[in-house]
Amino acid sequence: MENLDLRYLVQQNKLSDAAKPPVFARVMRSKDGAFEGVSFIKNKDKATVMTVAEAQQVIDWAGSKKAAAAEYQTKIICVGQ
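Now for a quick tour of the structure. Fair warning: this is a prediction, and the values are worked out from it, not measured in the lab.

**Quick word on the sheet that holds strand β4 (residues 72–78)**
- Here 4 strands make up an open sheet; going across it, the order is β3-β2-β1-β4 and the pairing antiparallel. Two strands in the sheet have a free side with no partner beyond their single neighbour: β3 (35–41) and β4. Going from strand to strand, the sheet's axes swing by 35 degrees on average, the running direction of each strand aside.
- Bridge count between strand β1 (residues 8–14) and strand β2 (residues 23–29): 2 bridges; the pairing is antiparallel. Bridging from a neighbouring strand, glutamine 11 pairs with phenylalanine 24 of β2.
- Contacts between helix α1 (residues 52–65) and the sheet are confined to β1, β2, β3 and β4, with β3 contributing the most and set at about 80 degrees to the helix.

**Some words on the pattern of salt bridges**
- One pass over the full model with this rule turns up 2 salt bridges.
- In this structure, the salt-bridge partner of glutamate 71 is lysine 14, at a minimum N-O distance of 3.6 Å. Pair noted here: glutamate 71 is in the loop between α1 and β4 and lysine 14 is in strand β1, with a separation of 57 residues, a long-range link.
- Under the relative-accessibility criterion, lysine 14 is labelled partly exposed at 25%.
- Here arginine 29 makes a salt bridge to glutamate 54, at a shortest N to O gap of 3.6 Å. Residue arginine 29 is located in strand β2, and its partner glutamate 54 is located in helix α1; the two are separated by 25 residues in the primary sequence.

Quick notes on the rules
Residues numbered from 1 in each chain as written. Predicted model: local features only at pLDDT ≥ 70, side-chain atom pairs only at ≥ 80, totals over all residues. Heavy atoms only, no water. Pairing = 2+ DSSP bridges. Helix = DSSP H or I, 4+ residues; strand = E, 2+ residues; numbered from the N terminus. Axes fitted to C-alpha atoms, helices over the stretch in contact; angles between N-to-C directions. Contact = heavy atoms within 4.5 Å. Salt bridge = Lys/Arg side-chain N within 4 Å of Asp/Glu carboxyl O. Buried < 20%, exposed > 50% of the residue type's maximum accessible area, 1.4 Å probe, protein only.

This is the structure in structure tokens:
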């Protein structure tokens, strides 16, 4: 079995308000494991740890589905950051 590199989070920061704490991506999946969407939460410990490819999918989804995507900086970070 393949060893997946699961050590990345997706973080969002609001561009207009630097004082606001960042939020982190929690991936929503169907019962069969298919990607359905993302919610952004404040608790880093409850955020989804994922591969780089999954993290990029989250960023792409957030950029296309969130109406206010231009107001946020979305980036992939390592778990330890």
